[in-house]
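Each chain is listed here by its residues.
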Amino acid sequence: MQFKTIIEPFRIKVVEPIRRTTPQQRQAALEEAGYNVFLLRAEDVLIDLLTDSGTGAMSSNQWSGMMRGDESYAGARSFYRFEAAVQEITGFKHVIPTHQGRAAERILFGSTVKPGDIVPNNTHFDTTGANVEYRGGTALNIPIEEAHHPSLIHPFKGNMDLDALERTLAEHGDRIPLVMITVTNNSGGGQPVSMANIRAASEICHRHGVPFIIDACRFAENAWFIKMREEGYADSTPMAIAQEMFGYADGCTMSAKKDGIANIGGFLALNDDALAQTCKNMLILTEGFPTYGGLAGYDLEAIAVGLHEALDEDYLHYRIRSVEYLGEKLTAAGVPLLLPTGGHAIYIDARSMLDHIPWQEYPGWSLSLALYLAGGVRSAEIGTVMFGRKPDGTEAPADMDLVRLAFPRRVYTQSHIDYLIEVITYVHSIRERISGVKMVEEPPVLRHFTARFAPVGGALMG
Ligand code: F0G
C-alpha cells in the first residue's frame, strides 16, 4: 500500500516560539521600519520567508557533529571531514572553505577577472554579478528565452541559452576567463537547469578552452528536478545526479547556507592546481588559513553532515512538493505566480496582481508590505526597488516586479503552508485596496536594504 500524504520527514526536538501580533502592532512596526521589511525586528514577524539562506534547522546529527568540532588552527580533523564530504559529492581536487558564498566568489573572481572581461552565467545572483563588476568585468546573463515569461511553463526554465554562449565565446573568447552556471537559477525564479544543458554548456566551454564553474548553492534541489523531469534519471539517486553535474565542471562556488543546511559557511572547489594555489593565497589574506577559511571547526562539521542530508530523497521530496503544493493552491485561487514553481521559493508576479499600481510606485514592494500587514508574513521584493536605479542615475522598471517567498529548510510545516495560502489568497481578494509606495529616503547603493518609504495617499490598505 502506497499512501499519498507526504509528511515532514523529521520530528521536532527543539521548538522556537513565534509570536502573533495584531494588525495595529504590525502597522506600528511598519511605520517604525520606514515601510521596509528588512528593517523590521524578526520577533515582529510570524512567518519569515525573507530568505532560505542560513535560516534552516539543523539536525541532531549536525548538532552532535558540532560537539566533535576540532578547533585547531591548522590541519583540524573537522577540515578533513568537510573536505571528504565535498569531494565525495563534487569530485573536485581542491576544497577551499570560506565564510559564505560571496567570499568564494570574491576570491575566484579576484584571481581570474580583469577589467574589460566578461563572465557569462544563466543569471548571476546579485553578489555574483556585483563581484564580477567590482573587478571591472561585465556580468552577462544569458538564460533561455522562456525565462523572461513568468507564466510560461518549461521543465528547465533555468537553462542557459547555448547559442548565446557559443556566440559570446566565439566573439569575445579572449576576454572570458570563465563561464558560470547557477543551479537552481535563483534570480530566474529558482528554476532548474537540465543535465543536458549542463553537459552541452561544458562541452562548448571546453572546446573554447574556458573553465566552466557551477554556482552550486542549490545543487541538491537541482538534482531532484533532474530526477523528476529529465528522461533517463528517474532511477538515479540525487547523489549520483549531483556527482554527474559536478563532473562536467572545473569547479564550483557554494553557499553552504542553502543546500549545506548550515547557518553559515561556504566553499570554493577547483581542479586546477595553479588557480587553487592563487585562491588559497588570497584566502589566507582575507578569510583565514586554508583548513578553516573563516569558519569554526564546528561549522565545517555541520556542513559536512548537512551536504549529505540535503541529498536525502525523502527530504527533497517533502521540500519541493510543499513549494509546489502552495503554488497549486495559489494558482487555483487566481494568484499570478512565476511558473512552474521553483525549488526554494514561490515568486508572486506583483506587477500583474497589482496592475493598478504603476511601476514607479513599486507594486512588488507594496505587495510585500501588504503580506506583512495582513498576516505577519515577511517576503522580499525582487523588482524595481532592487534593480530600478541604473548606474547613470536614471530609474527604469526592472524586468519583472516579483515578490519572493523563500522557504527556510526544515523549519515550517504543512499548517504554516496552509496559513500562507489563506493570507495570500486574502490579500489577493482585496488587491484593489492596496496602494503604491513612494521612496522618501534612498541610500546610494543596494537601496532595498535601507531605503525608507511611505504609502501613496497615506494608508497602505484603504
Ligand atoms: N549565489 C546564489 C545563487 C545565491 O542565491 C546566493 C545567496 C549567493 C550566491 C551568495 O551566497 O549569501 O552565502 O554569500 N542568496 C541568498 C538569497 C542571500 O536570499 O537568495 P551568500
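Residues numbered from 1 in each chain as written. Predicted model: local features only at pLDDT ≥ 70, side-chain atom pairs only at ≥ 80, totals over all residues. Heavy atoms only, no water.

1. Quick word on the pairing of strand 8 (residues 266–270)
Under the convention used in this document: Accessible area is worked out with a 1.4 Å probe on protein chains only. A residue is then buried under 20% of its type maximum, exposed over 50%, and partly exposed in between. Going along the chain from the N terminus, every DSSP run of H or I of four or more residues is numbered as a helix, and every run of E of two or more is numbered as a strand. Two strands pair under a simple rule: DSSP has to find at least two bridges between them.
Extensive coverage of strand 8 is indicated by the burial of five of its five residues. Residues Gly266, Leu268 and Leu270 point to one face of strand 8 and Phe267 and Ala269 to the other, with burial holding for every one of them. Sheet analysis places strand 2 (residues 94–98) next to strand 8, joined by five bridges and oriented antiparallel. When the bridges of strand 8 are listed, Ile96 appears paired with Leu268. Bridging between strand 7 (residues 251–255) and strand 8 involves five bridges; their strand directions are antiparallel. The partner of Met254 across the bridge, within strand 8, is Phe267.

2. Considerations on the domain arrangement of the protein chain
To keep things clear, this is the line we draw: Here the limits of each domain have been adopted from an automatic or database domain assignment. When checking whether two residues touch, look at their non-hydrogen atoms; a contact exists if any pair is within 4.5 Å. Note on definitions: buried area is the accessible-area loss of two parts on being combined, 1.4 Å probe, summed for both. The working definition used for a salt bridge is a side-chain nitrogen of Lys or Arg within 4 Å of a carboxyl oxygen of Asp or Glu. We call two N or O atoms a polar contact when they sit within 3.5 Å, provided that within protein one can donate a hydrogen and the other can accept it, with sequence-adjacent residues counted only if both atoms are side-chain atoms.
Here the protein chain is described as being made up of domain 1 (23–52 + 313–455) and domain 2 (60–309). Measuring from the centre of the C-alpha atoms in domain 1 to the corresponding centre in domain 2 gives 27 Å. Each side of the interface is counted separately: domain 1 has 23 residues, and domain 2 has 31 residues. Carbon and sulfur atoms supply 57% of the area buried between domain 1 and domain 2, which totals about 2300 Å² over both sides. Counting every contact that joins domain 1 to domain 2 gives six salt bridges. On the surface where domain 1 and domain 2 come into contact, there are 14 residue pairs in polar contact (both at pLDDT 80 or more). Those elements giving two or more residues to the side of domain 1 that touches domain 2 turn out to be helix 12 (313–332) and strand 9 (345–349).

3. Side note on the side chain of Ser379
Secondary-structure assignment places Ser379 in the loop between strand 10 (377–378) and strand 11 (380–382). Side chain to side chain, Ser379 and Ser368 meet in a polar contact 3.1 Å long. Once residues lying within four places of it in the same chain are set aside, the contact partners of Ser379 are Val37, Leu49, Leu50, Ser368, Leu371, Val403, Arg404 and Leu405.

4. A short note on the pattern of salt bridges
One pass over the full model with this rule turns up 24 salt bridges. The closest approach of N and O atoms between Arg77 and Asp70, which form a salt bridge, is 4.0 Å. Among the ionic pairs, Glu221 bridges to Arg409, the shortest N-O distance being 3.1 Å. Taken as a pair, Glu221 in helix 8 (residues 219–229) and Arg409 in the loop between strand 12 (402–406) and helix 16 (414–429) lie far apart in primary sequence, 188 residues in all.

5. A short note on the site of the ligand
We apply this condition: Working definition: residue near molecule or strand if any one of its non-hydrogen atoms lies within 4 Å of it. Calculation of accessible area relied on Shrake-Rupley with a 1.4 Å probe; when residues are assessed, cover is drawn exclusively from the protein chains displayed. Each residue is assigned to one of three groups, with Ala, Val, Leu, Ile, Met, Phe, Trp, Tyr, Cys and Pro labelled nonpolar, Asp, Glu, Lys and Arg labelled charged, and all others, Gly among them, labelled polar.
Taken together, the neighbourhood of the ligand is formed by 17 residues, with Thr51, Arg102, Ser255, Lys258 and Arg404 sitting nearest. A distance of 2.6 Å separates an oxygen atom of the ligand from a polar side-chain atom of Arg102. Burial of the ligand by the protein amounts to 93% of the accessible area it has alone, namely 480 Å². A total of three residues in the shell around the ligand trace back to one element, the largest contributor, which is helix 4 (residues 101–112). Among the residues making up the shell around the ligand, the classes are represented as two nonpolar, eight polar and seven charged.

6. With respect to empty space enclosed by the protein
Put simply, the rule is: Note on definitions: the grid is 1 Å and covers protein atoms alone; a cavity is a set of points where a 1.4 Å probe fits but cannot get out; a pocket is an open set with protein on both sides within 12 Å along at least five of seven lines; lining residues have an atom within 4 Å of a point. Grid points are joined across faces, edges and corners, and a volume is the space filled by probe spheres set on the points.
A complete count under the given rule lists three cavities of 30 Å³ or more for this structure. As a volume, the largest cavity reaches approximately 100 Å³. Along the walls of the largest cavity sit 13 residues, with Tyr318, Ser322, Phe407, Tyr412 and Ile417 positioned nearest its centre. Mapped onto the lining of the largest cavity, the elements with two or more residues apiece are helix 12 and helix 16. Ranked by residue count, the leading element in the lining of the largest cavity is helix 12, at four residues. Among the residues making up the lining of the largest cavity, the classes are represented as seven nonpolar, three polar and three charged.

7. Structural notes on the nonpolar core
The line we're drawing: Note on terminology: a nonpolar core comprises buried Ala, Val, Leu, Ile, Met, Phe, Trp, Tyr and Cys residues joined through side-chain atoms within 4.5 Å.
Leu165, Val179, Phe219, Met245 and Phe246 are the most contacted members of the largest nonpolar core, which has 58 residues in total. Per element, the largest residue contribution to this core is six residues, and it comes from helix 8. Two domains each provide a minimum of three residues to this core, namely domain 1 (23–52 + 313–455) and domain 2 (60–309). In this structure, Val179 is in contact with Pro120, Met160, Leu165, Leu169, Cys205, Val210, Pro211, Phe212 and Ile213, ignoring residues within four places of it in sequence. By size, the runner-up hydrophobic cluster in this structure holds 53 residues, among which are Leu339, Val437, Met439 and Ala451.

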